[in-house]
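# Structural features, examined
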Amino acid sequence: MYIVLTNPKAGNGKALKVYDSIQKDQRFKRHKCRSFHTEYEGHAELLIQSIASIHYQEIKAVIVIGGDGTIHEVINGLSKHHEIPIALIPAGSGNDFSRGIGIQKQGLELFRHIIDHPDRVSIYPGLIIEHGGEGHTGRCFLNSIGAGLDGEVVHISNDPIFRAELKKFRLDSLHYVVGLAKVLKQYNPIAVEMKIDGKKVKYKRITLVTVTNHPFFGKGMKIAPKADIYNSSFSVIIIQPLAKWKILLLFLSVFLGKHTVLKEVHEVTGRSITLKVKEQGVFQVDGQTLKYKECKIEKSQHPRTILIG
């Protein structure tokens, strides 16, 4: 049995169109695909958690039709069932995970490939352990976690009122760009304490810090050019305070991964990162907003099988 979980709102309705084409394919019935649609933010996590707790022995794979936010919820909903493979048919607005892991096919073609002869890869997701948390339990992420400017931009970009205004003027595809322009008006660097593999980082204030599994962020921006999702370490991008005009220059160059030539931009690697912000800060995690004051970031001890094509 395959579980097909669709976020009908992903990609401004693109996911629903993809699902409509897939459920008409003969493989859908032949391989006992059971479909579920999400209804609100966080629903995918609750749905798959409930389904897996009952049917985990029967599930061949969970096929997600949606974007980065949907698969983020699914992998956390399956935190107690690491043995269940996951497949993503990208249909969101950003689709950075599909870029990072190298998914080439799309839509119905990808669905057929997943059912007939999938390519199986194994990755170790990131794990966020909030300060005071026990052991190796925490929230998983597939793309990245970031604090500072990227956290603030994602926070405002995900605001329903802000998105509605952009949609009114047909600018919803530019929500990160417009969000950045809005945040920059009053943004100031944040005070942080940071350790990478036990060593203190010398920068006391930063514009941005991003811990990432793969290069991509914010609809294809190459935030960490050296990152590799199959690596056992994270890439860590640290940007020191810089003038606002230079931030705009950085933003333009990041699509090509050329921002690392700026002297304020540093890309390092690490397996264990601790972050502490002066006040509880806004973090972006796989394009969603969460709040932490102090957390530890490491690779999950449990590998996850992803079906790609």
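The sections below set out a description of the structure shown in this document.

A word on the pattern of salt bridges. What the rule picks out here adds up to nine salt bridges. A salt bridge links K168 to E165, with the shortest nitrogen-to-oxygen separation between them at 3.2 Å. In this pair, K168 and E165 both sit in helix 8 (residues 160-168), three residues apart, roughly one turn of the helix. Accessibility expressed as a relative area gives 57% for K168, which makes it exposed. Among the residues examined, E165 registers a relative accessible area of 38% and is labelled partly exposed.

Our focus in this paragraph is the packing of helix 9 (residues 175-184) against helix 10 (residues 244-254). The description of two packed helices rests on the angle between their axes and on the distance between the axes. Relative orientation of the contacting elements helix 9 and helix 10 amounts to 165°, with a least axis distance of 11 Å. As the angle between them shows, helix 9 and helix 10 are arranged roughly antiparallel. Once helix 9 is placed against helix 10, the crossing between them reads as right-handed. Contacts between helix 9 and helix 10 involve V177, L180 and L184 from the former and K244, I247, L248 and F251 from the latter. Here the contact of helix 9 with helix 10 is composed, by residue class, of six nonpolar, no polar and one charged.

Glancing now at the pairing of strand 18 (residues 288-299). For strand 6 (residues 126-130) and strand 18, the ladder comprises five bridges, and the chain directions are antiparallel. Bridge assignment links L127 to a residue of strand 18, and that residue is E298. Across 10 bridges, the pairing between strand 17 (residues 272-285) and strand 18 is antiparallel. Bridging across to strand 18, V282 finds its partner in K291. With antiparallel pairing between neighbouring strands as the criterion, strand 17 and strand 18 make up a hairpin whose turn holds two residues, including D286 at a positive phi of roughly 50°.

Definitions and limits used
Residues numbered from 1 in each chain as written. Predicted model: local features only at pLDDT ≥ 70, side-chain atom pairs only at ≥ 80, totals over all residues. Heavy atoms only, no water. Salt bridge = Lys/Arg side-chain N within 4 Å of Asp/Glu carboxyl O. Helix = DSSP H or I, 4+ residues; strand = E, 2+ residues; numbered from the N terminus. Buried < 20%, exposed > 50% of the residue type's maximum accessible area, 1.4 Å probe, protein only. Axes fitted to C-alpha atoms, helices over the stretch in contact; angles between N-to-C directions. Parallel < 35°, antiparallel > 145°, perpendicular 65-115°, else oblique. Left-handed = near helix turned anticlockwise from the far one by under 90°. Contact = heavy atoms within 4.5 Å. Nonpolar A, V, L, I, M, F, W, Y, C, P; charged D, E, K, R; others polar. Pairing = 2+ DSSP bridges.

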